[in-house]
Amino acid sequence: MLADTSLLTMLTTTPLFAVGLTLAAYLIGSALFQSLKRPSWLPAILIAALLLAGTLALIGLPYATYQQGATWLTVLLGPATVALGMPLYQQLPRIVELWRPLAICLPIAATLAAFYAMAIAWLLGSSDTILASIAAKSVTAPIAIGITEQLGGMVPLLMGALLITGVVTIPCVSLAARMLRIDDERLIGFALGLNGHAIGTVRAFEISPKAGAFASLGMSLTGIFTALLLPLAWRLMGMGG
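Please read these numbers as outputs of a predicted model, since none were measured by experiment.

## Here we look at the packing of helix 9 (residues 99-123) against helix 14 (residues 209-236)
Moving on, step 1. Orientation of helix 9 relative to helix 14, taken along the N-to-C sense of each, is 60°, at an axis distance of 9 Å. One finds that helix 9 runs oblique with respect to helix 14. Between helix 9 and helix 14 the crossing geometry is right-handed. In this structure, helix 9 contributes L102, L106, P107, A110, T111 and M118 to the contact, and helix 14 contributes F214, L217, L221, T222, F225 and W234.

## A short note on the layout of surface pockets
Space left empty within the atom packing is revealed by a probe, the size of a water molecule, rolled over the atoms.
Moving on, step 1. Its volume calculated, the largest pocket comes out at about 1700 Å³.
Moving on, step 2. What lines the largest pocket is a set of 50 residues, among which T22, I45, L77, M159 and L163 lie closest to the centre.
Moving on, step 3. At the level of elements, helix 2 (15-35), helix 3 (44-59), helix 4 (63-69), helix 5 (71-75), helix 6 (77-82), helix 11 (141-151), helix 12 (155-179) and helix 13 (185-207) are the ones that each hand at least two residues to the lining of the largest pocket.
Moving on, step 4. Top contributing element to the lining of the largest pocket by residue count: helix 13, with 8 residues.
Moving on, step 5. Taken together, the residues that form the lining of the largest pocket break down as 35 nonpolar, 12 polar and 3 charged.

## Description of the nonpolar core
Moving on, step 1. Grouped together as the largest cluster of nonpolar side chains are 20 residues, with contacts concentrated most on A136, A144, L151, L230 and W234.
Moving on, step 2. Counting residues per element, the ones that place at least two in this core are helix 9, helix 10 (128-134), helix 11, helix 12 and helix 14.
Moving on, step 3. Among the elements that line this core, the one with the most residues is helix 11, at 5 residues.
Moving on, step 4. Non-local contacts of A144, meaning those with residues more than four positions away in its chain, are made with A136, V139, L158 and L162.

## Re the packing of helix 12 against helix 13
Moving on, step 1. At a closest axis distance of 8 Å, the pairing of helix 12 and helix 13 adopts a crossing angle of 140°. Relative to helix 13, the crossing made by helix 12 is left-handed. Counted together, L162, L163, T165, G166, V167, T169, I170, V173 and A177 of helix 12 and I188, A191, L192, N195, G196, H197, I199 and R203 of helix 13 form the full contact between these two elements.
Moving on, step 2. Here the residues of the contact of helix 12 with helix 13 sort into 10 nonpolar, 6 polar and 1 charged.

## Considerations on helix 12
Moving on, step 1. An ideal rise of 1.5 Å per residue puts 36 Å on 25 residues; helix 12 measures up with 35 Å between its terminal C-alpha atoms.
Moving on, step 2. Considering bend angle alone, the principal kink of helix 12 is centred on T169 and spans about 30°; proline P171 follows within four residues of it.
Moving on, step 3. Along helix 12, the residues classified as buried are V155, L158, A161, L162, T165, G166, V167, T169, I170, V173 and A177.
Moving on, step 4. Just past helix 12, the residue R181 takes up positive phi, approximately 55°.

## Details of the confidence of the model for the protein chain
Moving on, step 1. Put simply, the protein chain has an average pLDDT of 82, and 90% of its residues get 70 or more.
Moving on, step 2. Within the protein chain, the lowest mean pLDDT, 54, falls on helix 1 (residues 2-11), and the highest, 89, falls on helix 10.

## With respect to helix 13
Moving on, step 1. For helix 13, spanning 23 residues, the distance from its first C-alpha to its last is only 8 Å, which falls clearly below the expected 33 Å at 1.5 Å a residue.
Moving on, step 2. The largest bend along helix 13 reaches roughly 150° and is located at G196.

## A word on unusual backbone geometry
Moving on, step 1. Residues other than glycine seldom take positive phi values, yet R38 does so here, at roughly 50°.
Moving on, step 2. In this fold, R38 is placed in the loop between helix 2 and helix 3.
Moving on, step 3. For R38, a relative accessible area of 36% puts it in the partly exposed group.

So, how was this worked out
- Residues numbered from 1 in each chain as written.
- Predicted model: local features only at pLDDT ≥ 70, side-chain atom pairs only at ≥ 80, totals over all residues.
- Heavy atoms only, no water.
- Axes fitted to C-alpha atoms, helices over the stretch in contact; angles between N-to-C directions.
- Helix = DSSP H or I, 4+ residues; strand = E, 2+ residues; numbered from the N terminus.
- Parallel < 35°, antiparallel > 145°, perpendicular 65-115°, else oblique.
- Left-handed = near helix turned anticlockwise from the far one by under 90°.
- Contact = heavy atoms within 4.5 Å.
- 1 Å grid on protein atoms, 1.4 Å probe; cavity = no way out; pocket = protein on both sides within 12 Å on 5 of 7 lines; lining within 4 Å.
- Points joined across faces, edges and corners; volume = space filled by probe spheres on them.
- Nonpolar A, V, L, I, M, F, W, Y, C, P; charged D, E, K, R; others polar.
- Core = buried A, V, L, I, M, F, W, Y, C linked by side-chain atoms within 4.5 Å.
- Buried < 20%, exposed > 50% of the residue type's maximum accessible area, 1.4 Å probe, protein only.
- Expected span 1.5 Å × (residues − 1).
- Bend = angle between axes of the 7 residues up to and from the residue.
- pLDDT = per-residue confidence, 0-100.

Here it is as structure tokens:
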């Protein structure tokens, strides 16, 4: 038993353990996702997150230790987000055609995305720290982490909110599109990216490159809009001290 504990301690001293654990969980999650015939309500990232959480609990590895080792993967989120500029460039003519309706709906939708979660949490008696942690739940992780730290929230709680938001967005957008009889891939993709950040964008690329490009646009613009205005609104409301 002592030898097993020493081995685990030795392994966790290097970031390679956390990185390898994360990649293994994702690969297994992706394989299970494919074997289940790609259900929209159970994306690969959710399966991977559950596998990873279960593994950490099983081996008794503290989350703080895992997070320290997995920092290298977090750093890669920024370049991955920037790389989404390529499909935006490829779909630029189609984006220009819809710039007016997109410019009108983006501020409204991005504001509501932050407001309704905070309103529900506030009605349930949540503290300012929890409100700050979930305010940026619809923003892509690299931007959301910076916003949350600025507001005084907890990044681990934010990451959980990001995962839940992205997973729930996919079936909700699909259901809304069917109910409203919307089959325009541009609108569906934009809604997925605006509300579901990277997880919704991945789903949009599974629909088509066009939907993926508009999801990238929605995700990027939501991140910029929220990063500029949410901290200002937070201070105006006198929250966070």
